[in-house]
Amino acid sequence: LFCYSYLVDATVMSYRLHLVAACLLGTVYSQYDPTWESLDTRPLPPWYDEAKIGIFIHWGVYSVPAFGGEWFWEHWEGSKMPEYVNFMKENYRPDFTYADFAADFTAEFFDPVHWAKVFEWAGAKYVVLTSKHHEGYTNWPSANSWTWNSMEVGPKRDLVGDLATAIKENATDIHFGLYHSMYEWFHPLYLADKENGFLTNDFVATKTLPELYEIVNAYEPEVVWSDGDWDAPDWYWNSTVFLAWLFNDSPVKDTVVVNDRWGRGIMCHHGSYYTCADNYSPGVLQPFKWENCMTLDKDSWGYRREAVSTDYITIKDLLSEMASTISCGGNILINIGPTHDGRLPPIMEERLLQLGSWLDINGDAIYSSKPWSHQNDTTTSGVWYTSKNDTTYAIVLKWPKGNELLLGSSVPTVETNVTMLGYNGTLQVATQSPGMKVTFPDMSEVTTSMFTAGCGEKDVACRSYRGPVSKAGLDTSAQSSFIAQLDEKTNPSKI
């Protein structure tokens, strides 16, 4: 029996600190040691960079009050924010507790197969479901969350297991992943450890780590998306010990990826890929693999009953965010918040299906693509570049005026060939200084998956169409997203 115990500084040894050991029968760590130096040498599994598009799902007891967002409990009884306190006073009896909400987390309309198909239709290649948020409620029958889990109170079913099975059986191109919060706002053991300056870790030893091992062994997620780590350093969480086991000996050791939230100061420094912050979108190429986790509801990750249509980003904005993210080498993780009864809110489902319609035609420019020598065009705004093999793609987010697109970052040669996804013909190209001019066909000749009629900055919503589009009766100022496909003979201009 060989056990590796995480070493701690001698100054803390006078306190009761559990050295959580990763014990392997008859073996030692085969490849990666529980240090960041060693863990950072692990190559990124190729599937993750190729996937590009993910769906994030925030779903829990906070979906019952559905007011303000997923931080409802903390804002009500932790920070005691007036709007949350008043909401409870005006709508619930005086002795109502947060735990009382759990009985109404019913999920009676939860159809995991439908969810899986929607995610597939949306073009997602991975899904990350909240297994447990900061409230501590687990969406699976955890042995480490007694009476505060989805089997014992609320839905009376294994929500994680049901969705994992549905995805693996009905959407085989999608990789299943799980979000897990390391801390819990009001757990007595966590609060005691915090009071002790994190020189004890009873909470980690009896709650956080057992849960992590539990979900990996039970559901085999290929993404472990950690969060809630920021209060304490990584040695308190025993993060590197868990990750060494995950990469060396877990059932997903060859394919799993993890984010960068494993302790105070770790974010944007260690992990399979970096998130750096919520809604991280640098707009320029980064020297590391990164992910833009963003949400369709601009003000919340969980479902909000008080949200209005303008609180949700338009498909135009979603496509723009996706294009800039992929062009700069990132993945995009698009968040939705289901209702307490298990429905995907129609406006969120619509956005996902609109995205899928666009990807039906233009996905070649997204999946398995690589950043080009330029990320966005130097002459025309709203043009983002990607590349794949010998092809460069220009993602044009707005139909050019007069059907003429000016590209300053691309210099044509006599052999340059420019085509458009969704259009069978070849586009006319002329050299200009700098770059080139591409003449688009008439809109009526183009088959495209996304056509928005009169979709200006103040439009509340834009309609989407799947398949061939007729221009008849539509505003000539219509905007759309198209891919200009440039062959290998197109050279980047000098900057």
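Note: the structure precedes this text.
The shown structure was predicted, so the numbers you read here are calculated from the model rather than taken from an experiment. (Residues numbered from 1 in each chain as written. Predicted model: local features only at pLDDT ≥ 70, side-chain atom pairs only at ≥ 80, totals over all residues. Heavy atoms only, no water.)

Considering the overall build of the protein chain
And then number 1: Within the protein chain, the secondary structure is distributed over twelve helices and 21 strands.
And then number 2: Across the 495 residues in the protein chain, those meeting the buried criterion constitute 57%.
And then number 3: In the protein chain, of all internal contacts separated by at least 6 residues, the share reaching a separation of at least 24 is 70%.
And then number 4: Per element, the accessible surface of the protein chain, about 20100 Å² overall, is 51% carbon and sulfur. (Helix = DSSP H or I, 4+ residues; strand = E, 2+ residues; numbered from the N terminus. Buried < 20%, exposed > 50% of the residue type's maximum accessible area, 1.4 Å probe, protein only. Contact = heavy atoms within 4.5 Å. Areas by Shrake-Rupley, 256 points an atom, 1.4 Å probe, with all protein chains shown as cover.)

Let's talk about the sheet that holds strand E6 (residues 223–227)
And then number 1: What the seven strands build is an open sheet, ordered E7-E6-E5-E4-E3-E9-E8; its pairing is parallel. Each edge of the open sheet carries a strand with a single partner, namely strand E7 (257–258) and strand E8 (290–295).
And then number 2: Bridging between E8 and strand E9 (residues 330–336) involves six bridges; their strand directions are parallel. The residue bridging Glu-291 from the neighbouring strand is Asn-331, located in E9.
And then number 3: The sheet contacts of helix H11 (residues 315–327) involve strand E3 (53–57), E8 and E9, and relative to E9 the element is tilted by about 150°.
And then number 4: Each of E3 and E9 is contacted by helix H12 (residues 346–362), which is oriented at about 150° to E9, the strand it contacts most. (Pairing = 2+ DSSP bridges. Axes fitted to C-alpha atoms, helices over the stretch in contact; angles between N-to-C directions.)

A few points about the environment of Cys-328
And then number 1: Here Cys-328 is to be found in the loop between H11 and E9.
And then number 2: Separated by 48 residues in the primary sequence, Cys-328 and Asn-376 place their C-alpha atoms 8.8 Å from one another.

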